[in-house]
Amino acid sequence: DAAIASARTQGLLTDGKPTLLCCKTTIGKGAPTKAGGHDVHGAPLGHGEIEAMRKALGWSHQPFVVPETIRAQWSCKNKGRGDYALWRARFAAYAAKYPEAAAEFERRMAGDLIADYSAQAEAMIAHWLSEAKPVATRKASQNVLDQIGPVLPEMFGGSADLTGSNLTNFKGCGTAKRDQWGRHISWGVREFGMAAAMNGMALHGGYIPYGGTFVTFSDYSRNAIRMAALMKIRVIHVLTHDSIGLGEDGPTHQPIEHASALRLIPGLDVWRPADQTETAVAWASAVARKDGPTALLLSRQALPVVVENAAQAQGAAKGGYILRDAADPKLIIMATGSEVSLAVAARDQLTEKGVAVRVVSMPCWEKFSEQPESWRTAVLGQDVPRIAIEAGVTPLWRQFLHPRDVVLGLDRFGESAPASQLFAYFNLTTEALVEAALNLIK
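Since the model is a prediction, treat every value here as computed from it, not as a measurement.

**Q** Help me get a handle on the pairing of strand E11 (residues 357–361), residues and values and all.
**A** Buried residues dominate E11, accounting for 5 of its 5 residues. As judged from the 3 bridges shared by strand E9 (residues 321–324) and E11, these two strands associate in the antiparallel manner. By the bridge assignment for E11, Tyr321 is matched with Ser361. Pairing between strand E10 (residues 331–335) and E11: 5 bridges, direction parallel. What sits directly across from Met334, in E11, is Val360. Read from E10 through helix H15 (residues 339–352) to E11, the crossover connection turns out right-handed.

What follows is the structure, given as structure tokens:
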């Protein structure tokens, strides 16, 4: 005990670098016949071993009884009450002298947003609706950060050595370094470390942490993302280069199964927006959500404008909505992200052929599933044939389809080539969508 305490003290005194304490231990120490083996790891010791261990340790107390002498040494309740009372008294004095700063501290520690956040978010979405132009959604994300970063001081961002690609910095954020204030940090090539640290920041309170990497590298972050969902904490993962559309980096960097893998995590909202407006809606939702994490899947390539009016923007906030409609539609095409524009183009061609088509954009399945059945039925209809298209694995789409319906996707790894060539190679095109539609309804 003394050696451990001494080493810990030395570690605390070391400045500028971490200290690693290596302790040699024996698993199950005290169990006479099972100590040091795997039997004590995942199974009960058993009555005989427990009695033998009691005898070896000289332990005579009844099960679940903690002797008062040990309780007194270990309990921190009284000390904690005293320390907390002292802190409250000091904070009260601080609040009396600096009431605005104290109120801001309490707001941020409670996880509450500024009073007019909803109005500011609506204004931001309206702005990008009116100013929308073709842009990569990773850039659309940075455009949003340029607006919300200055008005939400609790936003703290970063990237796993990919800031120039993820675009997670914003105007005036400043770079956080040792002894240097800032609201954006370079985490280095350590996605899990970044995601775990974001969890710690959210648990501490006072910040809304977000961090960026490529979608395919979310595999490295997955354990921490899962824990954020389990703990229901507000962290935001900015995951760019969301499909084969990233191009020549090839199959190692092209996410195929990742959107589905993330959607399988209970409590994680996964957004794959189709343009600037849907990206603004996704960010507004992620920031407002206090009860769990959000992943934003964003494109490398520029995407056309698809959202045309405020009603559609409001529909996007519900996770799935009618983007283009027709009287008595004979077919519904569903899509996310970069494939939404393909669905719109296919609808236009099918309309010219006399086929009435509804296009449904589904940027966030989790939000859509939370909507009342009346909304979901109004969007997806009941007996109308459906086609889904997304540049990723297809099985999860079946929850939204009838047995005969069709999914255009990618149930294999990608290739290395320019994005336009890849979409054509894998038949994720307007022409392929039109052909599949005509075959489905004939």
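Back to the write-up after that little detour.
**Q** I'd like a rundown of the side chain of Arg358, residues and numbers included.
**A** Among the structural elements, Arg358 can be located in strand E11. Overall, Arg358 belongs to the buried group, its relative accessible area being 11%. Those residues in contact with Arg358 that lie beyond four places of it in its chain are Ile322, Arg324, Asp325, Pro329, Leu331, Ile332, Ile333, Ala378, Val379, Leu380 and Gly381.

**Q** Residue-level account of the sheet that holds E11, with values.
**A** One key point about sheets: their strands pair by backbone hydrogen bonds, in either a parallel or an antiparallel sense. Taken together, the 5 strands give an open sheet; going across it, the order is E9-E11-E10-E12-E13, and neighbouring strands pair in mixed fashion. One side of each edge strand has no neighbouring strand; the edge strands of this open sheet are E9 and strand E13 (406–408). Taking the axes of each pair of neighbouring strands and ignoring which way they run, one obtains an average angle of 30 degrees across the sheet. Pairing geometry for strand E12 (residues 386–389) and E13, over 3 bridges, is parallel. Each residue of the ladder has a partner; that of Ile389, found in E13, is Leu408.

**Q** Could you give me a rundown of a nonpolar patch on the surface, with the residues and numbers involved?
**A** Residues Leu57, Trp59, Val66, Ile70 and Trp74 make up a contiguous nonpolar surface patch of roughly 540 Å² in combined accessible area. Mapped onto the elements, Trp74 comes out in helix H4 (residues 68–74).

**Q** Provide a residue-level description of the packing of helix H8 (residues 137–151) against helix H13 (residues 276–288), including the pertinent values.
**A** Two elements in contact, H8 and H13, have axes whose closest approach is 9 Å; the angle formed by their N-to-C orientations is 50 degrees. As judged from the angle between their axes, H8 and H13 are oblique. With respect to the hand of their crossing, H8 and H13 are arranged in right-handed fashion. Note on element contacts: H13 touches H8 through Gln276, Thr279, Ala280, Trp283 and Val287, opposite Thr137, Ala140, Ser141, Asn143, Val144, Leu145 and Ile148. Looking at the contact of H8 with H13 residue by residue, the classes come out as 7 nonpolar, 5 polar and no charged.

Thresholds, definitions, all that
Residues numbered from 1 in each chain as written. Predicted model: local features only at pLDDT ≥ 70, side-chain atom pairs only at ≥ 80, totals over all residues. Heavy atoms only, no water. Buried < 20%, exposed > 50% of the residue type's maximum accessible area, 1.4 Å probe, protein only. Helix = DSSP H or I, 4+ residues; strand = E, 2+ residues; numbered from the N terminus. Pairing = 2+ DSSP bridges. Right-handed = clockwise from strand over helix to strand, strands pointing away. Contact = heavy atoms within 4.5 Å. Axes fitted to C-alpha atoms, helices over the stretch in contact; angles between N-to-C directions. Patch = residues over 30% accessible without salt bridge, like charges linked within 9 Å, V, L, I, M, F, W, Y side chains within 5 Å. Areas by Shrake-Rupley, 256 points an atom, 1.4 Å probe, with all protein chains shown as cover. Salt bridge = Lys/Arg side-chain N within 4 Å of Asp/Glu carboxyl O. Parallel < 35°, antiparallel > 145°, perpendicular 65-115°, else oblique. Left-handed = near helix turned anticlockwise from the far one by under 90°. Nonpolar A, V, L, I, M, F, W, Y, C, P; charged D, E, K, R; others polar.

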